[in-house]
Amino acid sequence: MLSKHAKLWIALIAVVSLMSLASSCTKKDDEAEDGGAPTTKPYVAKGNEGTISGVVSYNGAAPEAKKIDTAADPACTSKSPNLMTEEWVVKDGKLGNTFVYIKDGTLADGSKIDSWGFTAPTTAVTLDQNGCHYKPHVLGVMAKQPINITNSDPTTHNIHFTPKKNPDWNQSQPNGAAALIHTLNAPEVSPSLVQVKCNQHPWMKSYVGVLKHPFFAVTGEDGSFTIKGVPPGKYTVVAWHEGGANGTEKTMEVTVPASGAAKADFSFGATALGQPSSLQMLPALEVPMAMKH
Ligand SMILES: [Cu+2]
């Protein structure tokens, strides 16, 4: 028979070893979450990928673009005498500059989209300062993909990325200066895309969505978007627009069939007058149900 003392020691050793086992497990999980360890395997296209496309609408009377007072910099006034705000780009009830992306989801084989690795393109995306506004106003990149920043204006700009999950970055770029390259290493889309501003011209704003996969798109002036090369599966798709304090998100579930197309139509804005508010819910409910077989 073991003495009371020995029993106590055995129990203590068992508890301590269980605790260390538990802590090593937790550590492994943490590593997987921050993407530091190569826990994701590279996704290889199978040839049965599909698309997610749709149209983003604006319900009700669209807020009108306002003329920007550029008097603080005569170079801006002479190049862009009629510079207008771009917060709401609405044409025939369709909303431009909306960033649409896959938030999460499960592939047809049961694996999570998050468990796959996608290589960022080495090709840079250009963000031009032209006429004292940014072109484009909203853009998407993959994490670690270079952003090529150009100054096409006869004045000095000071580009300032103000992210929450990436380091702050702030560079002056005089007229004629060489392009600047900037990369954002951490995904950042929620609650807001990364806001870019100009310290010289307070009206200048643009938004950059950063994702670890290539499944995103920005709506054109006609409100349409297409996300290509999507593995068959069931996804949560988010449409983000800068309107509101931190922007506004709309979410929808879609199913992408093998080699097929899923529809995701979103709508922003006020509920149209005289219509029951439940009508606004219809597109969000109808689409995923229609996709189920
Ligand atoms: Cu500027």
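Residues numbered from 1 in each chain as written. Predicted model: local features only at pLDDT ≥ 70, side-chain atom pairs only at ≥ 80, totals over all residues. Heavy atoms only, no water.

**Student:** Even after reading the chapter, I still don't get the state of the cysteines, so can you show me in this structure?
**Tutor:** A covalent bond between the sulfur atoms of two cysteines is what we call a disulfide. By the definition in use, this model includes 1 disulfide. In this model Cys-76 forms its disulfide with Cys-132; the gap between the sulfur atoms is 1.9 Å. Handedness here is read from the sign of the S-S torsion; for Cys-76 and Cys-132, about -75°, the answer is left-handed. Separated by 56 residues along the polypeptide, Cys-76 in helix 2 (residues 74–79) and Cys-132 in the loop between strand 7 (125–129) and strand 8 (134–135) bring together distant segments of the chain. You'll find Cys-76 and Cys-132 in the same group, each marked buried. (Disulfide = S-S within 2.5 Å. Helix = DSSP H or I, 4+ residues; strand = E, 2+ residues; numbered from the N terminus. Buried < 20%, exposed > 50% of the residue type's maximum accessible area, 1.4 Å probe, protein only.)

**Student:** Looking at this model, I keep getting lost on the pairing of strand 15 (residues 205–211). Mind explaining?
**Tutor:** As a general feature of sheets, a regular strand has side chains that alternate between the two faces. In terms of burial, strand 15 is largely enclosed, as 6 of its 7 residues are buried. Two strands pair when backbone bridges link them, and strand 14 (residues 194–198) and strand 15 are joined in this way by 4 bridges, in the antiparallel orientation. Counted as the bridge partner of Lys-197 is Lys-205 from strand 15. Taking the residues that link successive antiparallel strands as the turn, the strand 14-strand 15 hairpin has 6 residues. (Pairing = 2+ DSSP bridges.)

**Student:** Before we go on, may I ask you to explain the coordination of the copper ion in this structure?
**Tutor:** Only His-157 (ND1), Cys-198 (SG), His-201 (ND1) and Met-204 (SD) from the protein reach the copper ion as donors, at distances of 2.0 to 2.7 Å. One can describe the site at the copper ion as irregular: its 4 donor atoms subtend angles covering 94 to 135° at the metal. On the primary sequence, the residues serving as donors to the copper ion are separated as H-x40-C-x2-H-x2-M. Assigned by exposure class, His-201 and Met-204 land together as buried. (Donors = N, O, S within 2.8 Å, 3.2 Å for Na, K, Ca; no water. Tetrahedral: all angles 85-135°; square planar, octahedral: opposite > 155°, others 65-115°.)

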